[in-house]
Each structure stands twice: as C-alpha cells, then as structure tokens.
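Structure assessment
Residue strings, one per chain:
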Amino acid sequence: MEGKVLARIAAVVFVAVAITAAVIELTREDVLTPAPSAPALQAPADPLRLQLRRCQEMGEAAANDAECLRLWAGNRDRFLGRTPGPSTPAQPGAGPIGGQ
C-alpha cells in the first residue's frame, strides 16, 4: 500500500506545480518594448522613373509621343541588358574592303 500512497502524493505534487505554473503565467504582465525600427529608406528621385511615370499618365497619347517612345525603348534595352547606341556589328561583305 505504500506504493499507492507514494503515487498519490506524487500526483498531488505534480498537479499543484502545474496549477501554480498556470496561475503565474496568467497573472504575469508582459512588458511590451517597441521593436527597434529601421529608418525608412527613401530612394533618391530617379529622373527616368519620373519621365516614365509622366508617359504612363498620358495614356494612349503617349503612343504617339516621340519622347515617350524613346524613353520606353531605352528602358526596355536597359532591362534586357542591351547597350544603348549604335553598337551593331558590321555585316560581312559590307564596306569598301568586302565589296571589292
């Protein structure tokens, strides 16, 4: 019988510890400290972005605007990794030497 009594005492102690821990957790006040915030990064004003935004706001009229067409072509080339300017390779047979 001493085994049963010892098991009951252990169970009562376990329940008492569990109840005590629950009460402590429920009555504890959390001290909220504000999370350190990183400063908002303000991107510098990009003139190309501003010009492209102007073309976007023009709507269908931008399709006939030479400046918008030039900006879109330059932005597309920059996105695709093409180098702007006349960097097309010469075709074989073109020019004074190949044409003789």
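Every chain is numbered on its own, with residues counted from 1 as its sequence reads. Totals for whole chains, interfaces and linings use every residue, but because this is a predicted model, local features are given only for residues with pLDDT of at least 70 and side-chain atom pairs only at 80 or more, for both listing and counting. Side-chain descriptors were evaluated using all non-hydrogen atoms of the structure, hydrogens and water having been removed beforehand.

Points about the nonpolar core
Grouping buried Ala, Val, Leu, Ile, Met, Phe, Trp, Tyr and Cys residues that are joined through side-chain atoms within 4.5 Å yields what is termed a nonpolar core. Buried, partly exposed and exposed residues are distinguished by accessible area as a fraction of the type maximum, computed with a 1.4 Å probe on protein chains only: under 20%, between the cut-offs, and over 50%, respectively. In this structure, Leu52, Cys55, Ala62, Cys68 and Leu71 together form the largest nonpolar core, which totals five residues. Segments assigned H or I by DSSP are reported as helices when at least four residues long, segments assigned E as strands when at least two residues long, and all are numbered from the N terminus. Looking at this core, the elements that each hand over two or more residues are α2 (47-58) and α3 (66-80).

Details of the state of the cysteines
Cysteine sulfur atoms that pair up within 2.5 Å are treated as a disulfide. Across all of its chains, the model carries one disulfide by this definition. The disulfide partner of cysteine 55 is cysteine 68, and the S-S distance across this bridge is 2.1 Å. Handedness of the cysteine 55-cysteine 68 disulfide follows from its S-S torsion of about -95 degrees: it is left-handed. Pair noted here: cysteine 55 is in helix α2 and cysteine 68 is in helix α3, with a separation of 13 residues, a long-range link. Of the residues examined, cysteine 55 reaches a relative accessible area of 1% and is grouped as buried. Note on cysteine 68: relative accessible area 0%, which makes it buried.

Any link to function would need more than the numbers given here.
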